[in-house]
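Given next are the chains, with one letter for each unit.
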Amino acid sequence: MAHALPLPPTVRVRRLPPVLAVVAVVALLALPLSPDGGAGAHPADAVSALAVLYCALRLVRDRRRPLSRTAAVVLGLPVLGLAAAAAGAVSPGAGLAGLGRYLQVFVLVPAAVLLLVRDRADVRLLTWSMVGLALWQGALGVHQYATGTGASYQGERIRAVGTFGPQDVMGMATVVSLGLVCAVGLALGRTPARQRLFAAGCALVLLLPLALSFSRGAWIATAVTCAVQLLLAGVRRALAVGAAAVAAAVVLVGGFGVGTAMLQERVGSITQVADAPDQSVTDRYTMWAAAAGMWRERPLTGVGLKGFPEHRDAHASLALSSGSETDGAGAGYRRQPLLSPHNMYLLVLAEQGLIGLLALAGSWLALLVLGLRRLRAARRAHGAVPDCAFVACGLLVWQLTDFAYADIGGPSTVLTAVCLGLAAWWALGIRTREVAER
């Protein structure tokens, strides 16, 4: 009688979902950085390169066309502006470094995510990994606030930064915001009630560390995105969930004690950007004006990749401070130079000109339009929208909103690539009928 032989380890490994390569990228962002903020590439960046290589090897092995014609055009569009800007960089080394970073974030990793994600199960796995990362970083941030071990804010070490340290104060805010958006998308989708309730609970829990990050840009982007997600799910649901979120926020803020006054002042400063801006807002306006000046000098191709720091002083006014001060969260006092305008659109306009901005923004706009069209088609065909649609569209809306207040930089930037990949998967990678039936 023939006996069944156990599968060799290599066969069992092949049955693991390919999306685990992307999940590993997300998981590595939970690792703490060195106290000095970390030098060189983060492990997550290195693993993202390995994920791209793994995807390429799978394509060679399977002998199939990697992308559809539409997907290739949409994802490859930014290469036009990047090539021209790299050629006009201040030095060949700066051009190659900038080209590699932009290709990683906006072309290669999103394409790898699009190809490695197979179905809704893969999307949920990747989405829950982002929620888990947000809960981990958020828990560390709340502990930093409660114990006075966070980054310095108004003379007190209470700013929640997670493992990212004071040199990347936006890192935890970005991770928590994206996790919250993922949780809201899962709560709105067609999933079992227990899973929707758990996702909604995660979203409410993440409101606390998001508040303690003191990041105005993350607050605005998250509020806009969640409002869009709720409206896409239906006006009645949007009103009900919005009322519950406001009530929960009031309860959470009411329990902060000393932090209440600081949070109120931080929230109030959002409306004072024109009347009585603080120094950080003044610096941002000054750098925005400098970026606009660089663009007017070279409107078509910009000053070249990595060129903003070199041309900043020639276009900035005397209102710009010498740098930002960072301290706490396990690191010593440090003064960081202001090397970017903290606005992705203006950064691209300054360094890549109109050609680069139209190419990059055109790619993002195409993803948004195609994603919303597919969401609408799913609702018309099946009367409901899958959770992956709310997640993918929400992540893209968050990125496009946050780009008005931030640009790429730091370890959390790799999450931008993952988000664009998920948005591309929903907009370009699978048919609506196939999604709805799975």
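Residues numbered from 1 in each chain as written. Predicted model: local features only at pLDDT ≥ 70, side-chain atom pairs only at ≥ 80, totals over all residues. Heavy atoms only, no water.

**Student:** Got a minute to help me understand the overall build of the chain in this structure?
**Tutor:** If you tally the helices and strands in the chain, you get 18 helices and 4 strands. Each of the 438 residues in the chain was classed as buried or not, and the buried ones make up 49%. In the chain, 78% of the contacts between residues at least 6 apart in sequence involve partners at least 24 apart. Accessible surface computed for the chain: about 19,900 Å², of which carbon and sulfur atoms make up 65%. (Helix = DSSP H or I, 4+ residues; strand = E, 2+ residues; numbered from the N terminus. Buried < 20%, exposed > 50% of the residue type's maximum accessible area, 1.4 Å probe, protein only. Contact = heavy atoms within 4.5 Å. Areas by Shrake-Rupley, 256 points an atom, 1.4 Å probe, with all protein chains shown as cover.)

**Student:** Hey, could you run me through the pattern of salt bridges in this one?
**Tutor:** Any two side chains of opposite charge can pair if their charged atoms end up close together. The full count for this structure, using the stated rule, is 6 salt bridges. The shortest N-O distance in the salt bridge between R101 and D45 comes to 3.1 Å. Of this pair, R101 sits in helix 6 (residues 92-116) while D45 sits in helix 3 (residues 43-62), and the two are 56 residues apart along the sequence. Between R124 and D387 there is a salt bridge, and its shortest N-O distance comes to 2.8 Å. Here R124 is found in helix 7 (residues 120-147), whereas its partner D387 is found in helix 16 (residues 387-402), with 263 residues between them in sequence. Here the salt bridges share partners, and the residues they tie into one network are R120, R124 and D387. (Salt bridge = Lys/Arg side-chain N within 4 Å of Asp/Glu carboxyl O.)

**Student:** Explain the environment of L197 here, please?
**Tutor:** With respect to the secondary-structure elements, L197 resides in helix 9 (residues 193-212). On the basis of relative accessible area, L197 is assigned to the exposed category, the value being 64%.

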